[in-house]
Amino acid sequence: MNDERNRGDMDRDLNAKHIEWIDVARAFAICCVVMCHSVEKTYPLHIGYIPRISEQSRIFCFLAFTFGRCGVPIFLMISGYLLLDRTYDGEQCRKFWKNNWLRLLVCYELWNVIYNP
């Protein structure tokens, strides 16, 4: 019984720290990044191809590519907001890197293999 009450307290604490607008900003950033990469693959942005597409396609291409480029800066701002709202001493920095460096390295290497074959 006592464990159930402690678990409920932990769930309440986690929900109290959850910020919904960050989820919305993340979803928007994800859509931006997907749109940017989709436009890059659909419309080759080189000087010989652009005159051959319609004006509406050019407008869509440049607008989608331009707005799509906002995704990564939004992710960086969210990360900064979440990480820089704390005070870090040397021990906390070591703990952060000890717990996260391997996951970051794996993501970085997978991205390099997939995106830059």
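Predicted model, so just to flag it, every value in this text is computed and none were measured.

Colleague: Just checking my understanding: could you explain helix H2 (residues 20-42) for this structure?
Modeller: Every α-helix carries 3.6 residues per turn, so stepping three or four residues along brings you back to the same face. For H2, which comprises 23 residues, the first-to-last C-alpha distance of 33 Å matches the rise-based estimate of 33 Å (1.5 Å per residue) to within 8%. Along H2, the positions that sit buried rather than exposed are Ile22, Ala25, Ala29, Cys32, Cys36 and Val39. Those residues of H2 that are buried are in contact with helix H3 (55-68) and helix H4 (71-83).

Colleague: Explain the state of the cysteines here, please?
Modeller: In a disulfide, the sulfur atoms of two cysteines are held together by a covalent bond. Following the criterion strictly, the structure yields zero disulfides and no others. The thiol sulfur of Cys32 is not disulfide-bonded, and the nearest other cysteine sulfur, from Cys70, lies at 5.7 Å. Note on Cys36: no disulfide assigned, nearest cysteine sulfur contributed by Cys32 at a separation of 8.9 Å. Judged by its relative accessible area of 5%, Cys36 is buried.

Colleague: Looking at this structure, how should I read the packing of H2 against H3?
Modeller: Each pair of packed helices can be summarised by the angle the axes make with each other and by the distance between the axes. Close contact between H2 and H3 brings their axes to 8 Å; oriented N to C, the two are set at 140°. As judged from the angle between their axes, H2 and H3 are oblique. The element H2 and its partner H3 pack so that their crossing is left-handed. Between H2, through Cys32, Val33, Met35, Cys36, Val39 and Glu40, and H3, the contact on the second element is made entirely by Phe60, Cys61, Ala64, Phe65, Phe67 and Gly68. For the contact of H2 with H3, the per-class residue count stands at ten nonpolar, one polar and one charged.

Colleague: Would you take a moment to explain the pattern of salt bridges for this structure?
Modeller: Pairing of side chains with opposite charge becomes possible as their charged atoms draw close. A complete count under the given rule lists two salt bridges for this structure. Between Arg26 and Asp23 there is a salt bridge whose closest N-O contact spans 4.0 Å. You can see Arg26 and its partner Asp23 sitting in helix H2, three residues apart, about one turn around the helix. Judged by relative accessible area, which is 35%, Arg26 ranks as partly exposed. For Asp23, a relative accessible area of 33% puts it in the partly exposed group.

Colleague: Teacher, can you tell me more about the packing of aromatic side chains here?
Modeller: Any aromatic ring pair is given by two values, namely how distant the centres are and how the planes are angled relative to each other. Taken as a whole and judged by the stated rule, the model has three aromatic pairs. Measuring from ring centre to ring centre gives 5.4 Å for Phe96 and Trp97, while their planes differ by 80°; the resulting arrangement is edge-to-face. In this structure Phe96 comes out as partly exposed when scored by relative accessible area, which is 29%.

Colleague: Where do I start with the nonpolar core in this structure?
Modeller: It is characteristic of soluble globular proteins that their nonpolar side chains tend to be buried jointly. With eight residues, the main nonpolar core is built from Cys36, Val39, Tyr43, Tyr49, Ile53, Cys61, Ala64 and Phe65. Secondary structure elements with two or more residues in this core: H2 and H3. At three residues, H3 tops the list of elements feeding residues into this core. Counting residues in each nonpolar core, the second largest holds five residues, with Ile22, Ala25, Ala29 and Ile78 among its members.

Criteria and cut-off values
- Residues numbered from 1 in each chain as written.
- Predicted model: local features only at pLDDT ≥ 70, side-chain atom pairs only at ≥ 80, totals over all residues.
- Heavy atoms only, no water.
- Helix = DSSP H or I, 4+ residues; strand = E, 2+ residues; numbered from the N terminus.
- Expected span 1.5 Å × (residues − 1).
- Buried < 20%, exposed > 50% of the residue type's maximum accessible area, 1.4 Å probe, protein only.
- Contact = heavy atoms within 4.5 Å.
- Disulfide = S-S within 2.5 Å.
- Axes fitted to C-alpha atoms, helices over the stretch in contact; angles between N-to-C directions.
- Parallel < 35°, antiparallel > 145°, perpendicular 65-115°, else oblique.
- Left-handed = near helix turned anticlockwise from the far one by under 90°.
- Nonpolar A, V, L, I, M, F, W, Y, C, P; charged D, E, K, R; others polar.
- Salt bridge = Lys/Arg side-chain N within 4 Å of Asp/Glu carboxyl O.
- Phe/Tyr/Trp six-rings, centres within 6.5 Å; stacked < 30°, edge-to-face > 60°.
- Core = buried A, V, L, I, M, F, W, Y, C linked by side-chain atoms within 4.5 Å.

By themselves, these figures tell us nothing about what the structure is for.
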